[in-house]
Amino acid sequence: MYKGGYTGKILRVNLTEQSAIEEDLPLEIAKDFIGGAGFGIKYLYDEVEADTDPMGPDNKLIFASGPFSGTTIPCASRMAVTGKSPLTGAVGMALSGGYFPVELKFAGYDALIIEGKAKEPTYVWIKNGDVKFRSAKKVWGMKTTDTQQIIKNELNDQNVRIVCIGPAGENLSKMSCIINEMRAAGRKGLGAVMGSKNLKAIAVRGTHKVSIADKEKFRIAKGAFSKVMKDCPSLYPKFSKVGTGLGVIGMSGRGIFPAKNFSATGEFTPVEEFGVDVQKIRTIGRESCYGCPVGCSQLKIAKTGPYIGTLTEGPEYETTFAFGGQTGVDNYDAVIAADRLSDELGLDTVSAGGVIGFAMELYEKGILSKEDTGGLELKFGNHEAMVTLLRKIAFREGFGDILSDGVKVAAAKIGKGSEQYAMHVKGLELPGYDVRGSKAQGLNYATAYTGADHNRGYAFQEIKASSVPIGEVDRLSIERKGELTKWNQDVRTATCDAPTMCAFLLDLVVASIATRNTADVMEAVTGLVYTPDEIQKVGERINNLARVFNIKAGFTRVDDTLPKRLMTEPLKEGAAKGHVISQDDLNIMLDEYYKARGWDLKTGTPTKEKLIELGLGYAAEDLA
Ligand code: SF4
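Sequence order as written defines the numbering, with residues in each chain counted from 1. Where totals are concerned, whole chains, interfaces and linings use all residues; where local detail is concerned, this predicted model gives features only for residues with pLDDT of at least 70, and gives and counts side-chain atom pairs only at 80 or more. To obtain the side-chain values, all non-hydrogen atoms of the structure were included, while hydrogens and water were left out.

1. A few points about the environment of Ala 94
In this description a helix means any DSSP run of H or I spanning at least four residues, a strand means any run of E spanning at least two, and both kinds are numbered starting from the N terminus. Assignment of secondary structure puts Ala 94 in strand S5 (residues 91–96). Relative accessibility thresholds used throughout: buried, under 20% of the residue-type maximum; exposed, over 50%; partly exposed, between the two (1.4 Å probe, protein chains only). A residue is classified by how much of its surface remains accessible, and Ala 94, at 1% relative accessible area, is buried. Between the C-alpha atom of Ala 94 and that of Arg 187, which follows or precedes it by 93 residues, the distance is 6.6 Å.

2. Here we look at the sheet that holds strand S4 (residues 79–84)
Should DSSP find at least two bridges between two strands, the strands are taken to pair. Reading across from one edge, S2-S1-S6-S3-S4-S5 is the order of the six strands in this open sheet, with mixed pairing throughout. Each edge of the sheet is formed by a strand with only one pairing partner; in this case those strands are strand S2 (19–24) and S5. Averaged over all pairs of adjacent strands, the angle between strand axes in this sheet comes to 15°, irrespective of strand direction. Bridge analysis of strand S1 (residues 9–14) against strand S6 (residues 111–115) gives five bridges, and the strand direction is parallel. Residue pairing in the sheet places Asn 14 in a bridge with Glu 115 of S6. The sheet strands contacting helix H2 (residues 36–47) are S1, strand S3 (61–65), S4, S5 and S6, and the helix crosses S4 at an angle near 20°. Each axis is a line fitted through C-alpha atoms, taken for helices only over the stretch in contact, and angles between the N-to-C directions span 0 to 180 degrees. The criterion used for residue contact is that any of the two residues' heavy atoms lie within 4.5 Å.

3. Details of the site of the ligand
The local shell around the ligand consists of Cys 75, Arg 78, Ser 288, Cys 289, Cys 292, Val 294, Gly 295, Cys 296, Cys 502 and Phe 504. In terms of residue class, the shell around the ligand is built from seven nonpolar, two polar and one charged. To be near a molecule or strand, a residue needs just one of its heavy atoms within 4 Å of it. Nonpolar residues are Ala, Val, Leu, Ile, Met, Phe, Trp, Tyr, Cys and Pro. Charged residues are Asp, Glu, Lys and Arg, and all others, Gly as well, are polar.

4. Some remarks on the pairing of S4
With six of six residues buried, S4 lies mostly within the body of the structure. Inspection of the sheet shows S3 paired to S4 by four bridges, in the antiparallel sense. Within S4, the position partnered with Ile 62 by the bridge is Thr 82. Bridge count for S4 against S5 is six bridges, and the pairing is antiparallel.

5. Let's talk about the packing of helix H21 (residues 514–526) against helix H22 (residues 532–552)
At their nearest, the axes of H21 and H22 sit 8 Å apart, and the two run at 100° to each other. Judged by the inter-axis angle, H21 sits roughly perpendicular to H22. Every residue of H22 that contacts H21 at Thr 515, Arg 516, Thr 518, Ala 519 and Met 522 is listed here: Pro 532, Ile 535 and Gln 536. Our angle categories are set so that under 35 degrees counts as roughly parallel, over 145 as roughly antiparallel, 65 to 115 as roughly perpendicular, and the remainder as oblique.

6. A few points about unusual backbone geometry
Cis geometry marks the peptide bond from Gly 314 to Pro 315, where omega comes out at -15°. In this fold, Pro 315 is placed in the loop between strand S15 (311–313) and helix H11 (317–325). Geometrically, the link from Val 468 to Pro 469 is a cis peptide bond, its omega value of 0° lying close to zero. Along the chain, Pro 469 falls in the loop between helix H18 (460–463) and helix H19 (481–497). Located in the positive-phi region is Cys 75, a residue other than glycine, with phi close to 65°. With respect to the helices and strands, the residue Cys 75 is situated in the loop between S3 and S4. The phi torsion at Arg 480 lies on the positive side, around 65°, for a residue other than glycine. By secondary structure assignment, the location of Arg 480 is in the loop between H18 and H19.

7. Examining the pairing of S3
In terms of residue burial, S3 counts as a mostly covered element, since five of its five residues are buried. Because side chains alternate across S3, one face comprises the buried residues Leu 61, Phe 63 and Ser 65, and the other comprises Ile 62 and Ala 64, equally buried. As judged from the four bridges shared by S3 and S6, these two strands associate in the antiparallel manner. Each residue of the ladder has a partner; that of Ala 64, found in S6, is Ala 111.

8. What to know about a negative patch on the surface
On the surface, Glu 49, Asp 51, Asp 53 and Asp 58 cluster together to form a negatively charged patch. Tracing the chain through its elements places Asp 58 in the loop between H2 and S3. Residue classification places Asp 58 among the exposed residues on the basis of a relative accessible area of 56%. Patch membership is restricted to residues that have no salt bridge and whose relative accessible area is over 30%. Joining uses 9 Å for like charges and 5 Å for the nonpolar side chains Val, Leu, Ile, Met, Phe, Trp and Tyr. Shrake-Rupley sampling with a 1.4 Å probe provides the accessible areas, and residues are treated as covered by the protein chains on show and by no other component. Within this document, salt bridges are pairs made up of a side-chain nitrogen of Lys or Arg and a carboxyl oxygen of Asp or Glu, the two lying within 4 Å of each other. Under the convention used here, Asp and Glu are negative, Lys and Arg are positive, and both His and the chain ends fall outside the count. We put the charge of a Lys on NZ, of an Arg on CZ, of an Asp on CG and of a Glu on CD.

9. Looking at the pattern of salt bridges
One pass over the full model with this rule turns up 45 salt bridges. Glu 344 is the partner of Arg 340 in a salt bridge, and the nearest nitrogen-oxygen pair spans 2.8 Å. Here Glu 344 and Arg 340 lie together in helix H12 (residues 332–345), a separation of four residues that amounts to about one turn. As a salt-bridge pair, Glu 613 and Lys 537 come within 2.8 Å of each other at their nearest N and O atoms. One end of the pair, Glu 613, is in helix H25 (residues 608–613); the other, Lys 537, is in helix H22, with 76 residues separating them in the sequence.

10. So, the sheet that holds strand S7 (residues 122–127)
With mixed pairing, six strands are arranged side by side in an open sheet as S8-S7-S12-S9-S10-S11. Either end of the sheet is taken by a strand with one partner, and the two such strands are strand S8 (130–135) and strand S11 (183–185). Recorded for the sheet is a direction-independent mean angle of 20° between the axes of neighbouring strands. Pairing between S7 and strand S12 (residues 199–205): six bridges, direction parallel. Directly across from Trp 125, in S12, lies its bridge partner Ala 203. Running at roughly 140° to strand S9 (residues 161–164), helix H4 (residues 144–155) makes contact with S7, S8, S9, strand S10 (178–180) and S12 of the sheet.

Structure, rendered in structure tokens:
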């Protein structure tokens, strides 16, 4: 019996049959996987074959919030979207905030499973328990903000919350994402999974309340959590006021702000061009996810050139890297415009910037010519070409079609040795940290179940100089990084991705008490009792189950690697000058990591004993 937090219900929507059924959420699944990414990976594992075509009707998309979503616990209005990734072929999981996640909960569901394929463009309309399938023909081809507005108008309710895809998802770009408001479940191409199902949008409206198991314990747990947040100097006023956008200054100082497709890290550092004053005069307001007192999202408006007047929510740090550092663009208004355009087209900013920077390097090296690019002079820093290319990628026009499936596919199509400049892990383009100067972050890129994903085991100890949990960490050393990466991945999964809590809180506020805090709030909200170690075990369980899915999909130790450039070319300038993660370095870190995880050292496969210890005996049997 559920006492609080959970609705105890899953909504299963089949687009082929145009049917929707309500199912009970088994209590053991709630206890063992908590929610969010945990539910997503559990249902993906159980219901989707690892060799399924990610863009075929047998792939599924699981939207799941966490048990605290819809309560007044701060920063809990998030969700995980999970499916097999078209970009990587591995588990694809992306997180997003905003208001859709709580609205789904208010409609009565802990998770929504989308399966099958609609015959024609469709949107699904969920109002409390009532589900309708409606034609999306009139919004097919439209940008994401127009799509959301037209559906709201059609439903005659401006408070409906919507997730949708833009033209990129419709055109099956493997870099497409899922947008709600101006927030993205980005990375891993899950927008193309929606597109492949002819699913333009999901609209939801609910009026149920989320119950609390123990109101007194809730009052105490929420009070303690809120106090830790309030007393945190890096959260208030700093982070709350500026968000992540000024990360370019900190990362440049550490010598790890990647530039020009990772060829000029430490040399190209647009600190002044993207600095405090530049951002301040463009900031016209703040936005926040449901129930979040922090409100880290900045509303910015472009002030110059062809971009004047363009409004965006962001650009946050990763996007600033993708359309600034990665492409060598030092025009902040162009970054604002590219951010807004990507949201409208439904393109993941990190992957889109990644592939454009890659193409720019090929152009500069003479591997691509003006004829190849359709007349675009793709030099680093050419912001107009960057913005033009975004549209071409989303609509698969000309040269844009070659780039539309990400850097790995583009390199295979272009050939001529371009593979050595393709910066990805498992097909996922690299985020905004040059890991030659941040070794645990590098190990995380190599081993995260989603590919090069800073969010799966963000090494905040190296990025923000925190001493949790093993004391001071030397970011330039490979020592103790295996243990640390396991901790980062498991604790982040258990305290952020599964309960769908905002990860900024882990990095900035509760690192030292993360598992204790999650256990306290879980008990107060749901009545389910865990020790901090048991919370961490949930993260370990989820990461192991994702790993087994990937092993079944064909991934092994050889895929736990980094782009050649990061392993062979030492950084030429900056605070991390001379550093590299060599193959030997990586081997040593991988051995330590696998040992800490209880995985086979040769193949990186979880051992039978480890899987049984985690209650994943069925996965051990599958591997056998
Ligand atoms: S801190 Fe920012 S991303 Fe996190 S919940 Fe609040 S507004 Fe959303």
